[in-house]
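Here is how the chains run, residue by residue.
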Amino acid sequence: MASNSEPRWLTEDELATWLALVGVIFKLPGVLDNQLQRDSGLTHFEYLVLAGLSESPDRSLRMSDLAGFANGSLSRLSHVVKRLENRGFVVRRTAEDDGRITVATLTDSGYDFVVTAAPGHVGAVREFVIDALSPEQLHQLRAIAGQIMTRVDPDQACPGGRETMGG
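Below, the structure is looked at part by part. (Residues numbered from 1 in each chain as written. Predicted model: local features only at pLDDT ≥ 70, side-chain atom pairs only at ≥ 80, totals over all residues. Heavy atoms only, no water.)

1. What to know about the packing of aromatic side chains
The line we're drawing: Only Phe, Tyr and Trp rings are paired, with Trp represented by its six-membered ring, and only when their centres lie within 6.5 Å; those with planes under 30 degrees apart are stacked, over 60 edge-to-face, the remainder tilted. Under the DSSP-based scheme used, a helix requires at least four consecutive residues in state H or I and a strand at least two consecutive residues in state E, with every element numbered from the N terminus. Remark: a charge is flagged as sitting over a ring if the NZ atom of Lys or the CZ atom of Arg is within 6 Å of the ring centre and within 35 degrees of the ring normal.
Evaluation of the coordinates by the stated rule reveals 1 aromatic pair. Ring centres of F89 and F113 lie 4.5 Å apart, and the angle between their planes is 25 degrees; this geometry places the pair in the stacked category. Of the two residues, F89 sits in the loop between α4 (74–86) and β2 (90–94) while F113 sits in helix α5 (residues 108–128), which places them 24 residues apart along the sequence. One cation-aromatic arrangement involves R59 over Y111; the distance from NZ or CZ to the ring centre is 3.8 Å. Over the ring of F113 we find R87; its NZ or CZ atom is 5.3 Å from the centre of that ring.

Now the structure itself:
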């Protein structure tokens, strides 16, 4: 949009929709983080990292792929993986076929931990999102989230069909 053009202001309905989404964007992560912290001592991002590794072949992923899965930067992921390594949940190694690539692998202890954490997290996801919507609304939400993610981050658009231990 040209800098001298008039902004396309939101209509009353568009503003109400936007404010409803902003509420979800700000409040839902806190609710999910609180449940995970209380029950497992994990942040939601740490949980996503562990869950992503638990569902990968050999429980291993390239760090760049893991960052994409968890919707985080490589820098943030590196800090989180270091914390998870210190807890004995993850180990890092250089890829056998390319020394420039780092691979994260979930340990047996990490797998046991995420399997224990999953029911509580899935319960929270179900309570605050899944059970609040009809099957049709869930389908619509997935489509809407996919469209927004395509605009926000075209290279990492929400896969929509990915199955995780509760997301």
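2. Considering the side chain of T107
The test is simple: Between buried and exposed lies partly exposed: a residue is buried under 20% and exposed over 50% of the maximum accessible area for its type, with that area taken using a 1.4 Å probe on protein chains only. Here a polar contact is recorded for every N or O atom pair within 3.5 Å, except that within protein the pair must consist of a potential hydrogen donor and a potential acceptor, and residues adjacent in sequence are included only if both atoms are side-chain atoms. Any two residues having at least one pair of non-hydrogen atoms within 4.5 Å are treated as being in contact.
Along the polypeptide, T107 turns up in the loop between β3 (102–106) and α5. Assessed through its relative accessible area of 19%, T107 is described here as buried. A polar side-chain atom of T107 sits 2.6 Å from the main-chain carbonyl oxygen of G88. Not counting residues within four places of it along the chain, the set of residues in contact with T107 comprises R59, G88, F89, V90 and V91.

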